[in-house]
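# Examination of the molecular architecture
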Amino acid sequence: MKLNRATIEDFEPIIVFYDDVIERTPDIKLYARWQKRKHPTLDGIKAYIEEGNMYTYKENDVIVGAMAVTMYQGEDYHAIEWSQQVEDDKVAVIHILAVSPDVQGKGIGF
């Protein structure tokens, strides 16, 4: 499996991908609290791409998985009780990880 760092040319296909995942995933609002174009936001996805933190996984040139990875955690993570307390710049955080309903259960998001 090869992840590809997203470029600005991937922006529209990534939006289409997330819209599809949100539309076809039952109870996504309950479990992930995602809402089309509200979370993940268009601006947020664009920022992840511009910062070099957005990745996609494609099969037959179609995005079937996507996520953002930052090499730091923000202040909003401080309220969580982690098993270990680590400095913000000593961790990586996975954001907005999604896998297309068409390929879920096949080990892509593990």
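Just above sits the structure.
This one's a predicted model, so the numbers in the text were calculated from it and none came from an experiment. (Residues numbered from 1 in each chain as written. Predicted model: local features only at pLDDT ≥ 70, side-chain atom pairs only at ≥ 80, totals over all residues. Heavy atoms only, no water.)

## Focus: the overall build of the protein chain
Regarding its fold elements, the protein chain presents 3 helices and 4 strands. Along the protein chain, helices (α) and strands (β) appear in the sequence β-α-α-α-β-β-β when read from the amino end. A compact globule built from 110 residues would reach a C-alpha radius of gyration of about 13 Å, and the protein chain, at 14 Å, matches this within 12%. Its C-alpha atoms give the protein chain principal-axis dimensions of roughly 40 × 30 × 30 Å. Scored against the burial criterion, the 110 residues of the protein chain give a buried share of 36%. Looking at the protein chain alone, contacts between residues at least 24 apart form 60% of all its contacts between residues at least 6 apart. Accessible area of the protein chain: about 7,600 Å², with a carbon and sulfur share of 51%. (Helix = DSSP H or I, 4+ residues; strand = E, 2+ residues; numbered from the N terminus. Rg over C-alpha atoms; globule rule 2.2 N^0.38 Å. Buried < 20%, exposed > 50% of the residue type's maximum accessible area, 1.4 Å probe, protein only. Contact = heavy atoms within 4.5 Å. Areas by Shrake-Rupley, 256 points an atom, 1.4 Å probe, with all protein chains shown as cover.)

## Structural notes on the side chain of Asp19
Along the chain, the position of Asp19 falls in helix α1 (residues 11–24). For Asp19, the side chain forms a polar contact with the side chain of Arg37, separated by 2.6 Å. Apart from residues no more than four positions distant in its own chain, Asp19 is found in contact with Lys36 and Arg37. (Polar contact = N/O pair within 3.5 Å; in protein donor to acceptor, adjacent residues only side chain to side chain.)

## Overview of the environment of Arg37
If you trace the backbone, Arg37 turns up in the loop between α2 (28–31) and α3 (42–50). Along the backbone, Arg37 and Thr70 are 33 residues apart, and their C-alpha atoms lie at a distance of 21 Å. Discounting residues that sit within four places of it in the chain, Arg37 has contacts with Ile15, Asp19 and Leu42.

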